[in-house]
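# Analysis of the macromolecular model
Next come the chains, spelled out residue by residue.
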Amino acid sequence: MSSQTDRDEQSGVATVRKEKLQAPKMYKVLMHNDDYTTMEFVILVLKKFFSKTEPEAHAIMLEVHTRGFGVCGIYTFEIAESKVAKVIKYARDNGHPLKCSTDVVE
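Quick caveat, the model's predicted, so the values are computed rather than measured.

Right, let's talk about the overall build of the protein for a bit. A tally of regular secondary structure across the protein gives four helices and three strands. Overall, the protein shows an N-to-C arrangement of helices and strands of α-β-α-α-β-α-β. Taking all 106 residues of the protein together, the buried fraction comes to 29%. Here the contacts in the protein between residues at least 6 apart in sequence split such that 72% fall between residues at least 24 apart. Carbon and sulfur atoms form 54% of the exposed surface of the protein, whose accessible area is close to 7800 Å².

Below, the discussion takes up the side chain of Asp34. As for its position among the elements, Asp34 is in the loop between strand 1 (26-32) and helix 2 (39-50). At 2.7 Å, the side chain of Asp34 and the backbone nitrogen of Tyr36 are in polar contact. Only 2.6 Å separates the side chain of Asp34 from the backbone nitrogen of Thr37, close enough to count as a polar contact. Once residues lying within four places of it in the same chain are set aside, the contact partners of Asp34 are Pro97 and Leu98.

On to the packing of helix 2 against helix 3 (residues 54-67). Following both chains from N to C, one finds helix 2 and helix 3 inclined at 130°, their axes separated by 9 Å at the closest point. Viewed along their axes, helix 2 and helix 3 adopt a mutual orientation that is oblique. Classified by chirality, the crossing of helix 3 by helix 2 is right-handed. Between helix 2 and helix 3, the residues in contact are Met39, Val42, Ile43, Leu46 and Lys47 and Glu54, Ala57, His58, Ile60, Met61 and His65, respectively. Here the contact of helix 2 with helix 3 is built from residues that sort into seven nonpolar, two polar and two charged.

Rules of the game
- Residues numbered from 1 in each chain as written.
- Predicted model: local features only at pLDDT ≥ 70, side-chain atom pairs only at ≥ 80, totals over all residues.
- Heavy atoms only, no water.
- Helix = DSSP H or I, 4+ residues; strand = E, 2+ residues; numbered from the N terminus.
- Buried < 20%, exposed > 50% of the residue type's maximum accessible area, 1.4 Å probe, protein only.
- Contact = heavy atoms within 4.5 Å.
- Areas by Shrake-Rupley, 256 points an atom, 1.4 Å probe, with all protein chains shown as cover.
- Polar contact = N/O pair within 3.5 Å; in protein donor to acceptor, adjacent residues only side chain to side chain.
- Axes fitted to C-alpha atoms, helices over the stretch in contact; angles between N-to-C directions.
- Parallel < 35°, antiparallel > 145°, perpendicular 65-115°, else oblique.
- Left-handed = near helix turned anticlockwise from the far one by under 90°.
- Nonpolar A, V, L, I, M, F, W, Y, C, P; charged D, E, K, R; others polar.

As far as function goes, none of this settles anything; it's purely spatial.
Encoded structure:
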């Protein structure tokens, strides 16, 4: 035996809620200049971790050298953080103080 409330719920009008999906925030991975990491190592890192071509890596390396930082790529938070951690570990393992960070894309 079912109550009136149960019958109302079963025979009610179905509604579909449409929620607007927002794209995730994107984050820039930044590489910072220092006085010890070689330009060749920076180019290697850009090719290895950011899949940059030789000309792209060279251009970013020059930006890092002249401006003090350069954008390596733009990713979701998790990917950006993972790339930063991998680059820093690789740099330390190879004796370089290379610094990478993330910054939200405005």
